[in-house]
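Listed below, chain by chain, are the residues.
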Amino acid sequence: MTVIRAIKGTRDILPDEVAVWQRIEGAARTLFGRYGYREIRTPIFEETELFARGIGTETDIVGKEMYTFDDHGASLTLRPEATAGIVRSVIENNLMNTDPALKVYALGPMFRRERPQKGRYRQFHQVDVEALGLTRPAIDAEVVEMALGYLEACGLQSYELVLNSVGDAKCRPAYVETLRAALRPQVSRLCPDCQRRTETNPLRVLDCKVPEDQPVIEALPRIADHLCVECRDHFAEVLRELELLGIPYRLNHRLVRGLDYYTRTTFEVTSGALGAQNSVLGGGRYDGLVGALGGPDISGIGFALGMERLVLILPVPEGETRCDVFLIPLEDAAFDETLRLQRTLRGAGLRVLMDPEGRSFKARLKMADKLGARYVAIRGEDERRKGVWSVRDMKGSAQEDVTESRVAEHLTERIHG
Ligand code: HAM
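Not measured: the values here are computed from a predicted model.

**Let's talk about the environment of A348**
Structurally, the position occupied by A348 is in the loop between α13 (335-347) and β13 (352-354). Separated by 42 residues in sequence, A348 and G306 place their C-alpha atoms 38 Å apart. When near neighbours in sequence (up to four residues on either side) are disregarded, A348 contacts T412 and H416.

What follows is the structure, given as structure tokens:
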């Protein structure tokens, strides 16, 4: 029989890896709670139109990477990111009515049909954060500060914060025209993608990585010189607050990001340890998105972190232990006693295992060791006659007899302290 394999670009998170996932999920819940964020869970598929309108039809995500399918005449898509779905939910459920400064986060799988490589998958997971209804620069600085605090809480020490401002509906259209005008005379020197983008979405040209295009791109007009006064002041205040908080950053005028909804502040955190796919997290402000999706004219800002990428660069955690007490009945007569003790100890919150297959004593000790058991409790003929359990401390190798009436209490005290 042929073996069925996981789909290209997807991967299993196996039991040995799951501890680090649970740790970063837990860190998100704890840290974001301190900043007033609450969790939201939205569906994994939505109407295709939501992403087309939200992310932009000229983006790579919407143009080539979505998993779209027909559902009896309706066009549906597996979510390629979380922001559009969250904004849809906020509008549909009128969440802004009860909470004009809404802070939410979400964890879960996203789907993009990209070419798989290290750190790039077709099903991947994001930690996503969104703050809606806040217009002042202070929330931009706070979101960035929280993103970095999260990386540190997860144990990441080395990374770089990169920032830019992409302007707003007032100043960007004129900049886009300036860019297009500067690109047109040189368009034949650019890659086919950039030739197309010159007409469809010239900002995307700034994202191009093709080496031959770089001399042209580096000489293009910079958005920082074309921001309106409001956008310039907003960005200057974000930078001032980051400096006040002691957060180092680097400006990159080419950071336009792969989604069209961004306005003003955009940011990314990169790590050299990741190789080509070096962005650990990315985000920014999206002041027009809620309106574009049919909601009130309110601002938004957020970021998403790629969990697979974070896991790839975190220090390898120590092997976890899976067992507090391992029970070894050495004769059939001890079996019932063992079942009772196992139930009592588990009821007291201990992780208790035994070998249900009844292998040799040596094999069972080996099992206990492999599981990282802290204590082994043995009951043989000798122990039964004396009315005790022989309790072995697997760390110090000391062994003592403990009266059967006290053994549950004894082990619970040892483990829980
Ligand atoms: P994004 O830059 O498309 O932004 O994705 C954010 C992060 O998701 C990336 O920095 C990366 O770590 C991870 N990621 C993206 N694609 C893949 C992939 N194929 N495989 C593995 N990891 C990947 C967004 O998604 C925006 N919704 C972020 C946002 C939230 N902006 C405002 N609010």
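**Let's talk about the nonpolar core**
One finds V87, L132 and L206 to be the most contacted residues of the largest nonpolar core, which totals 51 residues. Of all the secondary structure elements, the ones that give two or more residues to this core are α2 (48-55), α3 (60-65), α4 (83-92), β5 (102-111), β6 (123-132), α7 (172-183), α9 (214-218) and α11 (289-292). Of all the elements, α4 adds the most residues to this core, at 5 residues. Ignoring sequence-local partners within four residues, the contact set of V87 consists of L132, Y286, L289, V290 and L293. In terms of nonpolar packing, the next biggest core, distinct from the first, is built from 43 residues, A131, L148, L163 and V280 among them.

**Quick look at the packing of helix α6 (residues 137-153) against helix α10 (residues 229-244)**
Geometry of a packed helix pair, given as the angle between the helix axes and the separation of the axes. Following both chains from N to C, one finds α6 and α10 inclined at 45°, their axes separated by 8 Å at the closest point. Taken together, the axes of α6 and α10 lie oblique to each other. Where α6 crosses over α10, the two elements pack in a sense that is right-handed. The segment α6 lies against α10, with P137, A138, D140, A141 and V144 engaging H234, E237, V238, E241 and L242. Grouping the amino acids of the contact of α6 with α10 by side-chain chemistry returns 6 nonpolar, 1 polar and 3 charged.

**Things to note about the sheet that holds strand β4 (residues 74-78)**
Spatial ordering of the open sheet is given by β2-β4-β3, a layout of 3 strands whose pairing is antiparallel. In this open sheet, the two strands that pair with only one neighbour each are β2 (45-47) and β3 (68-71). With strand direction ignored, the average angle separating the axes of adjacent strands in the sheet is 40°. Two strands pair when backbone bridges link them, and β3 and β4 are joined in this way by 4 bridges, in the antiparallel orientation. Of the residues in β4, the one forming a bridge with D70 is S75. Strands in contact with α2 are β2, β3 and β4; relative to β2, the strand with the most contacts, it is inclined by about 75°.

**Remarks on the pairing of β6**
A large share of β6 lies buried, amounting to 9 of its 10 residues. Inspection of the sheet shows β6 paired to strand β11 (residues 300-306) by 7 bridges, in the antiparallel sense. Looking at β11, one finds that E130 is bridged to G302.

**Some points on the site of the ligand**
In the region of the ligand, 27 residues are neighbours, and E81, E114, Y121, Y262 and S279 sit closest. Here T83 contributes a side-chain N or O atom positioned 2.9 Å from a nitrogen atom of the ligand. In the environment of the ligand, a nitrogen atom lies 2.7 Å from a nitrogen or oxygen atom belonging to the side chain of E114. Across the complex, the protein chains shield 96% of the 660 Å² of accessible surface that the ligand would expose by itself. For the shell around the ligand, the secondary structure elements donating two or more residues are β6, β10 (279-285) and β11. Per element, the largest residue contribution to the shell around the ligand is 6 residues, and it comes from β10. Here the shell around the ligand is composed, by residue class, of 10 nonpolar, 9 polar and 8 charged.

Thresholds applied
- Residues numbered from 1 in each chain as written.
- Predicted model: local features only at pLDDT ≥ 70, side-chain atom pairs only at ≥ 80, totals over all residues.
- Heavy atoms only, no water.
- Helix = DSSP H or I, 4+ residues; strand = E, 2+ residues; numbered from the N terminus.
- Contact = heavy atoms within 4.5 Å.
- Core = buried A, V, L, I, M, F, W, Y, C linked by side-chain atoms within 4.5 Å.
- Buried < 20%, exposed > 50% of the residue type's maximum accessible area, 1.4 Å probe, protein only.
- Axes fitted to C-alpha atoms, helices over the stretch in contact; angles between N-to-C directions.
- Parallel < 35°, antiparallel > 145°, perpendicular 65-115°, else oblique.
- Left-handed = near helix turned anticlockwise from the far one by under 90°.
- Nonpolar A, V, L, I, M, F, W, Y, C, P; charged D, E, K, R; others polar.
- Pairing = 2+ DSSP bridges.
- Near = heavy atom within 4 Å.
- Polar contact = N/O pair within 3.5 Å; in protein donor to acceptor, adjacent residues only side chain to side chain.
- Areas by Shrake-Rupley, 256 points an atom, 1.4 Å probe, with all protein chains shown as cover.

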